[in-house]
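Take a look at the letters that make up each chain.
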Amino acid sequence: MNAPLAKNRFAQRCKQLALSLSLIGMSWQVLAQTQIEDAWVRATVAGQPSSGAFMTLTASEDSKLLSVQSPVAKTVQIHQSSMQDDVMKMQQVQSVALPAGKPVSFDPHGYHIMLMNLTAQIKEGDKVPLTLTVENAKGEKESIQVEAVAKALATMDHSKMSHDHSKMN
Ligand SMILES: [Cu+2]
């Protein structure tokens, strides 16, 4: 909230109250606008520094996924995997477009949510809380909570993928 410093503190508090009320109203209003299905996280072995989270997002209006947060990881990034010269590479992206009504899947072959600097091992069956921030075309932000189930799938070893972190610094 970038409200300028009001000289009258009472007026400022009223403003803040009105703002937080409108934010509450707004989040109720938009809560159901982005659907999340099949959220899961890849379980890790002890000492593994990072993992991936996967899901399908369907927004009811044109939106974009801006960021993700989770208590299990100090850093969470949105990555995109792609084949480059027969090598699977991934790169950080700033946002992912969520066109109205079109399911966008986050899977090991495309976009995924990268959980980095994990604070603890993620064991199979764990429920990993994720908070997604989605912004619609009007600039309204929606915060969505989801619990992703940890699965030990051996479909692809994420740790063998090369990371291009050149955009991070
Ligand atoms: Cu990644």
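Below: a short report on this structure. From a predicted model like this one, the values you see are computed outputs, not experimental measurements.

When helices and strands are tallied, the protein shows one helix and eleven strands. Taken from N to C terminus, the helices and strands of the protein fall in the order α-β-β-β-β-β-β-β-β-β-β-β. The buried share of the protein, taken over its 169 residues, is 21%.

Before going further, it helps to spend a moment on the pairing of strand E8 (residues 111-118). Here three bridges tie strand E2 (residues 51-59) to E8, and the two strands are oriented antiparallel to one another. Its bridge partner lying in E8, Ser51 is registered against Leu115. Across seven bridges, strand E4 (residues 73-84) lies against E8 in antiparallel orientation. Bridge pairing links Gln80 to Tyr111 in E8.

Let us now look at unusual backbone geometry. Non-glycine residue Asp38 carries a positive phi angle of around 50°. With a phi close to 55°, Asn117 is a non-glycine residue in the positive phi region.

Once that is clear, we can look at the nonpolar core. The tendency in soluble globular proteins is for nonpolar side chains to be buried side by side. By size, the foremost hydrophobic cluster in this structure holds 24 residues, and its most contacted members are Ala53, Met55, Val128, Leu130 and Ala148. Those elements that provide at least two residues to this core are strand E1 (34-42), E2, strand E3 (63-69), E4, E8, strand E9 (127-136) and strand E10 (141-151). Ranked by residues supplied to this core, first place goes to E2 with five residues. If near-sequence neighbours (up to four positions away) are discounted, Leu130 is found in contact with Ala39, Ala53, Val68, Ser70, Val146 and Ala148.

Parameters at a glance
Residues numbered from 1 in each chain as written. Predicted model: local features only at pLDDT ≥ 70, side-chain atom pairs only at ≥ 80, totals over all residues. Helix = DSSP H or I, 4+ residues; strand = E, 2+ residues; numbered from the N terminus. Buried ≥ 20, exposed ≤ 12 C-beta atoms within 10 Å, placed from the backbone. Pairing = 2+ DSSP bridges. Core = buried A, V, L, I, M, F, W, Y, C linked by C-beta atoms within 7 Å. Contact = placed C-beta atoms within 7 Å.

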